[in-house]
Amino acid sequence: GSLFFHSSMHKKTNTIIILVISISVIYAIIRYHIFNGVPLSYIIDVLNKGIALAAILLIALSLSIGPLARRFPKKFGRIEIGKRLFGLWGFTLSFFHTLISLLILKPNHYKIFYSFLKMNVLGEFVLISGFISLLLIGLAFITSFPHLFPFSQKSFRLTQFAGYIGCVVAGLHVFPIGVNQWTQISSWPGNMVPITFISFFAVIITVILRTQSSLMPLFQKEKS
């Protein structure tokens, strides 16, 4: 149940996790504090954006690494063993992102979610989709501890599918937050791609990889 591998064989997995978290947080700090001039008093908001990005990237990686390893065994085969750990860290970071978001859920922190100091439809959608995503990913998280929660093979597959749907919902969660800025390239601080776009793109890539992976046996049958 450890959040890191202790064997020297799995240093790559640990290194990837540390890099994803570090780069995501540093990216958020540079984009918002340095290039967008966001005051340091909003450091929690900015760190929360970095945490959210790292969470969705690790969850996407956890779900994508299997199809990638099957297609490119030499490149991705060695890190496929880390998919469980990528998912564990993805869920853990998602949980902290949800917790921080609830603590700072006020009009001065999330202006677009409020109209006349009352939460609007966008705010409600983002909040509900975020909770649904966390719950679905949480189901997959539970099955990562087979000694604590013994599951049948069928239940395990269902919970893993729930995790995949949770990732898709996470994509829907970020879409309305930043979609208006995605085409306004000239307004991107420091020409840095919006975090919501990176997150959504990671989900789209995951869906494509997993869809192709699940359809591949059908095409192989047709050929034979």
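Residues numbered from 1 in each chain as written. Predicted model: local features only at pLDDT ≥ 70, side-chain atom pairs only at ≥ 80, totals over all residues. Heavy atoms only, no water.

**Observations regarding the side chain of threonine 98**
Next, step 1: In this structure, threonine 98 sits in helix α4 (residues 83–103).
Next, step 2: Of the polar contacts made by the side chain of threonine 98, one reaches the backbone oxygen of serine 94; its length is 2.9 Å.
Next, step 3: Every residue in contact with threonine 98, bar those within four places of it in the chain, is listed here: Phe131 and Leu134. (Helix = DSSP H or I, 4+ residues; strand = E, 2+ residues; numbered from the N terminus. Polar contact = N/O pair within 3.5 Å; in protein donor to acceptor, adjacent residues only side chain to side chain. Contact = heavy atoms within 4.5 Å.)

**Some thoughts on helix α5 (residues 121–142)**
For an α-helix, the turn length of 3.6 residues means that residues three or four places apart are oriented alike.
Next, step 1: Here α5 spans 32 Å end to end across 22 residues, near enough to the 32 Å set by a 1.5 Å rise per residue.
Next, step 2: Residues Gly123, Val126, Ser129, Gly130, Ser133, Leu134, Ile137, Gly138 and Ala140 constitute the buried set of α5.
Next, step 3: Structurally, α5 contributes buried residues whose contacts are with α2 (43–71), α4, β2 (118–119) and α6 (153–182).
Next, step 4: Its side-chain oxygen at 3.2 Å from the backbone nitrogen of leucine 122, asparagine 120 defines the N-terminal cap of α5. (Expected span 1.5 Å × (residues − 1). Buried < 20%, exposed > 50% of the residue type's maximum accessible area, 1.4 Å probe, protein only.)

**So, helix α1 (residues 11–35)**
Next, step 1: Between its first and last C-alpha, α1 extends 34 Å over 25 residues, near the 36 Å set by a 1.5 Å rise per residue.
Next, step 2: Within α1, burial applies to Thr13, Asn14, Ile17, Val20, Ser24, Val25, Tyr27, Ala28, Arg31, Tyr32 and His33.
Next, step 3: Glycine 37 lies just past α1 and shows a positive phi near 70°.

**Things to note about the packing of α1 against α4**
Next, step 1: Following both chains from N to C, one finds α1 and α4 inclined at 30°, their axes separated by 10 Å at the closest point. Considered as vectors, α1 and α4 are oriented roughly parallel to each other. Judged by the twist between their axes, the crossing of α1 over α4 is right-handed. Between α1, through Thr13, Asn14, Ile16, Ile17 and Ile21, and α4, the contact on the second element is made entirely by Leu85, Phe86, Trp89 and Leu93.
Next, step 2: When its residues are assigned to classes, the contact of α1 with α4 shows seven nonpolar, two polar and no charged. (Axes fitted to C-alpha atoms, helices over the stretch in contact; angles between N-to-C directions. Parallel < 35°, antiparallel > 145°, perpendicular 65-115°, else oblique. Left-handed = near helix turned anticlockwise from the far one by under 90°. Nonpolar A, V, L, I, M, F, W, Y, C, P; charged D, E, K, R; others polar.)

**Things to note about the environment of phenylalanine 175**
Next, step 1: If you trace the backbone, phenylalanine 175 turns up in helix α6.
Next, step 2: A residue is classified by how much of its surface remains accessible, and phenylalanine 175, at 35% relative accessible area, is partly exposed.
Next, step 3: Discounting residues that sit within four places of it in the chain, phenylalanine 175 has contacts with Trp182 and Phe200.

**Quick look at the packing of aromatic side chains**
Next, step 1: Scanning all chains against the criterion turns up ten aromatic pairs.
Next, step 2: The interplanar angle of 75° and the centroid separation of 6.0 Å between the aromatic rings of phenylalanine 95 and phenylalanine 96 together place this pair among those described as edge-to-face.
Next, step 3: Phenylalanine 95 gets classed as partly exposed once you look at its relative accessible area, which sits at 41%.
Next, step 4: Their ring planes at 5° and their centres at 5.2 Å tell us that tyrosine 110 and phenylalanine 113 sit as a pair that is stacked.
Next, step 5: A relative accessible area of 6% places phenylalanine 113 in the buried class.
Next, step 6: Joined through ring pairs, the aromatic side chains of Phe175, Trp182, Phe197, Phe200 and Phe201 make up one cluster.
Next, step 7: Taking the ring centre of tyrosine 32 as reference, the NZ or CZ of arginine 31 above it sits at 5.3 Å.
Next, step 8: When the ring centre of tyrosine 164 is taken as reference, the NZ or CZ atom of arginine 210 above it lies at 5.1 Å. (Phe/Tyr/Trp six-rings, centres within 6.5 Å; stacked < 30°, edge-to-face > 60°. Lys NZ or Arg CZ within 6 Å of the ring centre and 35° of its normal.)

**Things to note about the nonpolar core**
Next, step 1: Of all hydrophobic cores here, the largest spans 22 residues; its most connected members are Ile17, Leu58, Trp89 and Leu93.
Next, step 2: Looking at this core, the elements with two or more residues in it are α1, α2 and α4.
Next, step 3: Not counting the four nearest positions on each side in its chain, leucine 58 is found in contact with Ile17, Val20, Ile21, Phe86, Gly87, Trp89, Gly90 and Leu93. (Core = buried A, V, L, I, M, F, W, Y, C linked by side-chain atoms within 4.5 Å.)

Just geometry here; none of it tells us what the structure is for.
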